[in-house]
Amino acid sequence: QRMSDRHQRKIRKPLRGGKKRRAVPGGGEKTSNGVPAVFLDRDGTICEEVGYVNHLDRVQIFPWSAEAIRKLNQAGLPVIVVTNQSGVGRGYFSEDLVKRVHTKIALELAGADARLKAFYYCPHHPTAALEAYKKVCRCRKPETGMLEEAAKRFGLDIGKSYVVGDSYRDVRLA
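These figures come from a predicted structure and were not determined experimentally. (Residues numbered from 1 in each chain as written. Predicted model: local features only at pLDDT ≥ 70, side-chain atom pairs only at ≥ 80, totals over all residues. Heavy atoms only, no water.)

Asker: Which residues make up the pattern of salt bridges, and what are the values?
Answerer: Taken as a whole, this structure holds eight salt bridges when the rule is applied. Ionic pairing is found between Asp 41 and Lys 141, a salt bridge with its closest N-O pair at 2.7 Å. Of the two residues, Asp 41 is situated in the loop between strand S4 (38–40) and helix H2 (65–74) and Lys 141 in the loop between strand S6 (118–122) and helix H4 (145–154); the sequence distance between them amounts to 100 residues. Each member of the pair, Asp 41 as well as Lys 141, is classed as buried. Across the pair Lys 71 and Glu 67 runs a salt bridge whose closest N-O atoms are separated by 3.2 Å. Of this pair, Lys 71 and Glu 67 are both found in helix H2, four residues apart, which corresponds to roughly one turn of the helix. Salt bridges sharing partners connect three or more residues here, namely Asp 41, Lys 141 and Asp 170. (Salt bridge = Lys/Arg side-chain N within 4 Å of Asp/Glu carboxyl O. Helix = DSSP H or I, 4+ residues; strand = E, 2+ residues; numbered from the N terminus. Buried < 20%, exposed > 50% of the residue type's maximum accessible area, 1.4 Å probe, protein only.)

Have a look at this one:
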């Protein structure tokens, strides 16, 4: 199946810098010998954008997602999902549901021999209804907290990595 024009125009942009140095908390730079990765947005990139995914039945993986991820796997690139999930903070669904959605996506893709290294999500929002999630944070895209956490955990070079997404937030992340 062919992708629609809307989905062919996904953002594919190398992340900031492209050098072997990265900023570290507290200022300064640190040399990184890590590997590049591909960071994928979830809704609108891997899965159909359906608004808030407040039930497992709403998850609709695009038919081309598995093939694309499998090709990235074959190229030796770790593929990591980074997604804002403010519906948690707004009280629309639980973090448990987000984890179950991610498990469903990972299993469905794995059945097509497409592997995701990890999922990172931000449940926060500055105007969240639930006080525990009401904050400005470093993990909400376009901030880079999720990427930095993945880089630390997996030894990645963010400067040589790519982000693929469907929104301006994703472009600003790059």
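Having put the structure on the table, let's press on.
Asker: Quick rundown of the nonpolar core? Include the residues and the values.
Answerer: Ile 46, Ile 69, Ile 105 and Leu 109 are the most contacted members of the largest nonpolar core, which has 24 residues in total. Going through the elements one at a time, S4, H2, strand S5 (79–84) and helix H3 (95–110) are the ones with two or more residues in this core. Ignoring any residue separated from it by four or fewer positions in sequence, one finds Ile 69 in contact with Leu 40, Ile 46, Val 79, Leu 109, Ala 114, Arg 115 and Leu 116. In this structure, Val 82, Ala 118, Cys 137 and Ala 151 belong to the second largest nonpolar core, which totals 18 residues. (Core = buried A, V, L, I, M, F, W, Y, C linked by side-chain atoms within 4.5 Å. Contact = heavy atoms within 4.5 Å.)

Asker: I'd like to hear about H2, residue by residue, with values.
Answerer: Looking at H2, one finds that the buried residues are Ser 65, Ala 66 and Ile 69. All buried residues of H2 fall inside an arc of 90° around its axis, so they share one side. Residues of H2 that are buried sit in contact with S4, S5 and H3. Just past H2, the residue Gly 76 takes up positive phi, approximately 80°. (Arc of directions from axis to C-beta.)

Asker: Could you give an account of the side chain of Ser 161, naming the residues involved and the relevant values?
Answerer: Its location among the elements puts Ser 161 in the loop between H4 and strand S7 (162–165). Side-chain polar atoms of Ser 161 contact the backbone oxygen of Asp 157, separated by 2.8 Å. (Polar contact = N/O pair within 3.5 Å; in protein donor to acceptor, adjacent residues only side chain to side chain.)

Asker: Account for the packing of aromatic side chains, with residues named and values stated.
Answerer: Per the stated rule, a full pass over the model turns up three aromatic pairs. Judged by centre distance (6.3 Å) and plane angle (55°), the rings of Tyr 52 and Phe 93 are tilted. With Tyr 52 in the loop between S4 and H2 and Phe 93 in the loop between S5 and H3, the pair connects residues that are 41 residues apart, well separated along the chain. Owing to a relative accessible area of 8%, Phe 93 belongs among the buried residues under this scheme. Each ring, one from Phe 62 and one from Trp 64, has its centre 4.7 Å from the other, and the planes form 10°; the classification is stacked. (Phe/Tyr/Trp six-rings, centres within 6.5 Å; stacked < 30°, edge-to-face > 60°.)

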